[in-house]
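# A look at the structure
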Amino acid sequence: MITRCYLEITNHCNLDCLFCPKTERAKHRLSLDEFELLTDKLIGKVEYLYFHLMGEPFLHPLLPQFIQIARLKNFVPVLTTNGTLLSKAQNVIEARPHKIQISLHSHEGNAKEHPEEYIRQVMTFAQKAASQGILIVLRLWNQGGYDTTNDYIQALIAEYQPRPWTQRHDGWKLDKNLYIEYDRMFEWPDATHAEYDATDVFCYALRNQIGVLVDGSVVPCCLDHAGDITLGNLFNQSLDEILHSPRATALYNGFTNHKAVEPLCQRCGYAIITKQYRKNLEI
């Protein structure tokens, strides 16, 4: 079973973040019938269903219904959001997703100078959702990039969730079900970039993750924002058929042998080096 499927329910977004690669694909959002069809084809083959690849899922008017449908089909629903639309999202809390990841770095990525109101809305929502058993992860994935205001953002968070916090390897635990998570700012892979300087690589694409774009295209991972490695279309094919296609098989076998065979993968700095992969297997 594949651990994570990034199901893009919309590729619309209400922001223009500096770190985001954007997409030139035709704008669309899944209808109820389309969502039902795609999720039916994923039943028993995927565990966690992330309602995001590109786009802002809270823009979709059927988001609460999609969460409920996913739970009924035994998926574990997870949301990733820029956090700007949370003040009107009580119905999302009632739908009970497993986890909501809020990308706080989207605020400064839009060159916003005064984050006070933004953090107020985020924390009001986050504390309420966490109190009802939803995991909330406040993301600051901007290390080495737009991270100059992080101390101030954390001070604002502390006004709502006072310290002390419990330190973790990737951030802080603020309270039950409420976390801050750090990660480095990374460059999205792009077919026009120079090749990544690594010949001995490994990636979990097609092993523990896939992506499904809003038009039904299946891609190997959550970073294929343009659909450069389209392996098939879930609207008119089965997932098994797509994952056993020649192109998917070549990609999978390539990483088994620590090689990136796709041009996009050769330009992805997020690939896991073999040494780290082997170390993880030993843990």
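Up top you'll find the structure we're talking about.
So, here's what we can say about the structure. Source: prediction; values computed, not measured.

Taken residue by residue, helix α8 (residues 246-256) has Ala248, Leu251, Gly254 and Phe255 as its buried positions. All buried residues of α8 fall inside an arc of 130° around its axis, so they share one side. Residues of α8 that are buried make contact with β9 (201-202) and α7 (239-243).

Structurally, the position occupied by Ser106 is in helix α4 (residues 105-109). Exposure remark for Ser106: the relative accessible area of 2% places this residue in the buried category. From its side chain, Ser106 meets the backbone oxygen of Asn82 in a polar contact 3.1 Å long. In this structure the side chain of Ser106 is engaged in a polar contact, spanning 2.7 Å, whose partner is the backbone oxygen of Ser103. Leave out the neighbours within four places in its chain, and Ser106 touches Leu15, Cys17, Phe19, Asn82 and Tyr118.

A few words on the packing of aromatic side chains. Counted according to the given criterion, the structure contains six aromatic pairs. Measuring from centroid to centroid gives 5.7 Å for Phe35 and Phe51, while their planes differ by 80°, and the two rings are edge-to-face. With Phe35 in helix α1 (residues 32-42) and Phe51 in the loop between β2 (46-50) and α2 (63-72), this pair connects stretches of sequence that are 16 residues apart. The exposure class assigned to Phe35 is buried, which follows from its relative accessible area of 0%. A ring pair is formed by Trp165 and Trp172, whose centres lie 6.1 Å apart and whose planes are at 70°; its orientation type is edge-to-face. Sitting above the plane of the Trp141 ring, Arg139 keeps its charged end 3.9 Å from the centroid. Directly above the ring of Tyr252 sits Arg207, whose terminal nitrogen or CZ lies 3.8 Å from the centroid.

Attention shifts here to the packing of α1 against α2. One can describe the packing of α1 onto α2 by two numbers: an axis separation of 11 Å at closest approach and a directional angle of 25°. Relative to α2, the element α1 lies roughly parallel. Seen from above, α1 lies across α2 with right-handed handedness. Only Gln65, Phe66 and Ile69 of α2 make contact with α1, whose side of the interface consists of Leu32, Phe35 and Glu36. By residue class, the composition of the contact of α1 with α2 is four nonpolar, one polar and one charged.

This next bit is on the pattern of salt bridges. Evaluated as defined, the whole model comprises nine salt bridges. With a closest N to O distance of 3.3 Å, Lys22 and Asp16 form a salt bridge. Owing to a relative accessible area of 30%, Lys22 belongs among the partly exposed residues under this scheme. Given the relative accessible area of 52%, Asp16 is considered exposed. A salt bridge links Asp40 to Lys73, with the nearest nitrogen and oxygen atoms 2.7 Å apart. You can see Asp40 sitting in helix α1 and its partner Lys73 sitting in the loop between α2 and β3 (76-81), a full 33 residues away along the chain. Exposure remark for Lys73: the relative accessible area of 15% places this residue in the buried category. Salt bridges sharing common partners tie together Glu36, Asp40 and Lys73.

A few words now on the pairing of β3. Most of β3 is tucked away: six of the six residues are buried. Looking at chain direction, β2 and β3 are connected through three bridges and run parallel. Residue Leu49 lies in a different strand from β3, and its bridge partner there is Pro77. Note on the crossover from β2 through α2 to β3: the handedness is right-handed. The parallel pair β3 and strand β4 (residues 99-103), bridged by helix α3 (residues 90-95), forms a crossover whose chirality is right-handed.

What counts and how
Residues numbered from 1 in each chain as written. Predicted model: local features only at pLDDT ≥ 70, side-chain atom pairs only at ≥ 80, totals over all residues. Heavy atoms only, no water. Buried < 20%, exposed > 50% of the residue type's maximum accessible area, 1.4 Å probe, protein only. Helix = DSSP H or I, 4+ residues; strand = E, 2+ residues; numbered from the N terminus. Arc of directions from axis to C-beta. Contact = heavy atoms within 4.5 Å. Polar contact = N/O pair within 3.5 Å; in protein donor to acceptor, adjacent residues only side chain to side chain. Phe/Tyr/Trp six-rings, centres within 6.5 Å; stacked < 30°, edge-to-face > 60°. Lys NZ or Arg CZ within 6 Å of the ring centre and 35° of its normal. Axes fitted to C-alpha atoms, helices over the stretch in contact; angles between N-to-C directions. Parallel < 35°, antiparallel > 145°, perpendicular 65-115°, else oblique. Left-handed = near helix turned anticlockwise from the far one by under 90°. Nonpolar A, V, L, I, M, F, W, Y, C, P; charged D, E, K, R; others polar. Salt bridge = Lys/Arg side-chain N within 4 Å of Asp/Glu carboxyl O. Pairing = 2+ DSSP bridges. Right-handed = clockwise from strand over helix to strand, strands pointing away.

Read these as spatial facts, not as claims about activity.
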